[in-house]
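# Examining the three-dimensional arrangement
The chain contents come next:
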Amino acid sequence: MADVAPAVLGSQEEALVEVVELSKEFDVSPPLLTRLLQGQQKSFLRAVDEVSFSIPRGRTFSLVGESGCGKSTLARLVVGLYAPTRGRILIDGKELSRLRSRREQAQVRRRLQMIFQDPFASLNPRWRVRDIIAEPIRAHGLMSDRKAIDRRVGELLELVRLTAADGLKYPHEFSGGQRQRISIARALASNPEFLVCDEPTSALDVSVQAQILNLMKDLQRELGLTYLFISHDLAVVYHLSDYLGVMYLGRVVEWGAARNVFANPQHPYTRMLLDAIPDLEMSGRQRIPVRGEVPSPMDPPSGCHFNPRCPFANERCRAEIPMPIPTVHGGEVRCHAVEEGRLTEEVVRDALRRPLAEEEVP
Ligand SMILES: Nc1ncnc2c1ncn2[C@@H]1O[C@H](COP(=O)(O)OP(=O)(O)OP(=O)(O)O)[C@@H](O)[C@H]1O
Ligand code: SF4
Ligand SMILES: [Mg+2]
């Protein structure tokens, strides 16, 4: 893991990306006629709920959480593929939704790119690789001379450890890992500073995953890139993250310097996720077994969304949404038990002795 001394909130590092109280609601209402006939109201699904964090330039912020917790929606908001319902995204101090002129929008868009989970779906199968990679160069008007573009495409392919000759082939001629390298080369074609990577390795075999993660680390060092790295797997982000955020049903429940979150997790959900993987920090801390399933985001539990799965839930947890409070490590956590100081190691140990209620058994 990268050696990061300052914690996020107390960090003196300059933020390239700032996300401020960002929310996204999807209208998931039945068709108008059905609603009228059945006397139903419109219904909304809050996929991202008041999320705030910032990413210093040249650093990696990883966001983890189980399926359906809003990671991809957040990724799409940050690169401007979705408009936020509320909140702001600032790139280098410029608010995305306030850029009025097309020129300004294009300039900021060039600086941020996204890499998707599925390298099969994100590459046009009818185009040669060189045309796939050249497309952003042309679209952003970065070069017009054909030979110069070919040279640049060759350089980009070599940057991701493929060869210039690979540009003549089609995507289906490559393996999954090679295809993800092509996606990375295309994302880098517009000389971006910030890459949003939405589970870029989860469709790949474990050995190939490690190669792509190493490549991404090398590229970060060589090009000074800033990453928002999204994964459902804490073990994947362990070696990559400077900062770590944990998402649960649309909310970031804990975030901070990655080494602090890994070594000393505060939120019961973070502890639960960490317990599903080997004790990477060898901290010897008490383990909370993973239990239960994520409830439907259509009808999330009241108060703290995590309360039906949490061994420490009480009446307050079921009634009141926990607000972010600073952690001792300079991060933030949303948990009443942490705020009240009742999550001692002893309490955690007792919770472990208590057998799971039948409805809690996963
Ligand atoms: N365009 C949409 N319209 C309606 N609901 C949506 C839309 N996109 C996502 N959702 C819902 O929002 C919630 C969050 O989805 P999202 O894809 O962001 O989760 P995720 O954390 O990326 O999950 P996964 O790990 O499975 O990729 C889900 O309940 C999903 O069904
Ligand atoms: S607020 Fe309550 S239910 Fe939520 S994680 Fe903390 S103790 Fe558990
Ligand atoms: Mg997703």
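Residues numbered from 1 in each chain as written. Chains lettered and ligands numbered in written order. Predicted model: local features only at pLDDT ≥ 70, side-chain atom pairs only at ≥ 80, totals over all residues. Heavy atoms only, no water.

Once that is clear, we can look at the nonpolar core. Counting 63 residues, the largest nonpolar core has I133, I184, L195, F229, L234, L244 and F262 as its most contacted members. At 6 residues, helix 7 (residues 206–223) tops the list of elements feeding residues into this core. Residues within four places of I184 in sequence aside, it is in contact with I115, V160, I212, L215, M216 and L219. Membership of the second largest hydrophobic core comes to 32 residues, among which are V48, V78, L96 and A257. (Core = buried A, V, L, I, M, F, W, Y, C linked by side-chain atoms within 4.5 Å. Buried < 20%, exposed > 50% of the residue type's maximum accessible area, 1.4 Å probe, protein only. Helix = DSSP H or I, 4+ residues; strand = E, 2+ residues; numbered from the N terminus. Contact = heavy atoms within 4.5 Å.)

One number sums up the size of the largest pocket: a volume of about 390 Å³. In terms of residue class, the lining of the largest pocket is made up of 8 nonpolar, 4 polar and 3 charged. (1 Å grid on protein atoms, 1.4 Å probe; cavity = no way out; pocket = protein on both sides within 12 Å on 5 of 7 lines; lining within 4 Å. Points joined across faces, edges and corners; volume = space filled by probe spheres on them. Nonpolar A, V, L, I, M, F, W, Y, C, P; charged D, E, K, R; others polar.)

Turning our eyes to something else, we now look at empty space enclosed by the protein. One pass over the full model with this rule turns up 3 cavities of 30 Å³ or more. What the largest cavity holds in volume is close to 80 Å³. Around the largest cavity, the lining is made up of 13 residues, and of these H267, C304, C310, C317 and C335 lie nearest the centre. Within the lining of the largest cavity, the residues separate by chemical class into 9 nonpolar, 3 polar and 1 charged.

Our focus in this paragraph is the pattern of salt bridges. If you walk through the whole model with that rule in mind, you get 25 salt bridges. The partner of R46 in a salt bridge is E25, and the shortest N-O contact between them spans 2.9 Å. Placement of the pair is R46 in strand 2 (residues 44–56) and E25 in strand 1 (residues 15–27), with a sequence separation of 21 residues. Linking R318 and E315 is a salt bridge whose minimum nitrogen-to-oxygen distance equals 3.3 Å. Highlighted residues: R318 and E315, both in helix 11 (residues 315–319), separated by 3 residues, approximately one helical turn. Three or more residues are tied together by salt bridges with common partners; here these are E14, R57, D92, R111 and E193. (Salt bridge = Lys/Arg side-chain N within 4 Å of Asp/Glu carboxyl O.)

Across the sheet, 4 strands lie side by side as 2-1-4-5; this open sheet has antiparallel pairing. Looking at the sheet topology across the chains shown, the edges are occupied by strand 2 and strand 5 (94–95). Where strand 1 and strand 4 (residues 86–91) come together, 5 bridges link them in antiparallel fashion. In the strand pairing of strand 4, S23 is matched with R86. (Pairing = 2+ DSSP bridges.)

Inspection of the region around ligand 2 gives 13 residues, with C304, C310, C317, C335 and H336 positioned closest. Placement of ligand 2 is best described as lying within the largest cavity. Of the residues in the shell around ligand 2, the class split is 10 nonpolar, 3 polar and no charged. (Near = heavy atom within 4 Å. Sits in = over half its atoms within 2 Å of the grid points.)

Geometric values such as these leave the question of function open.
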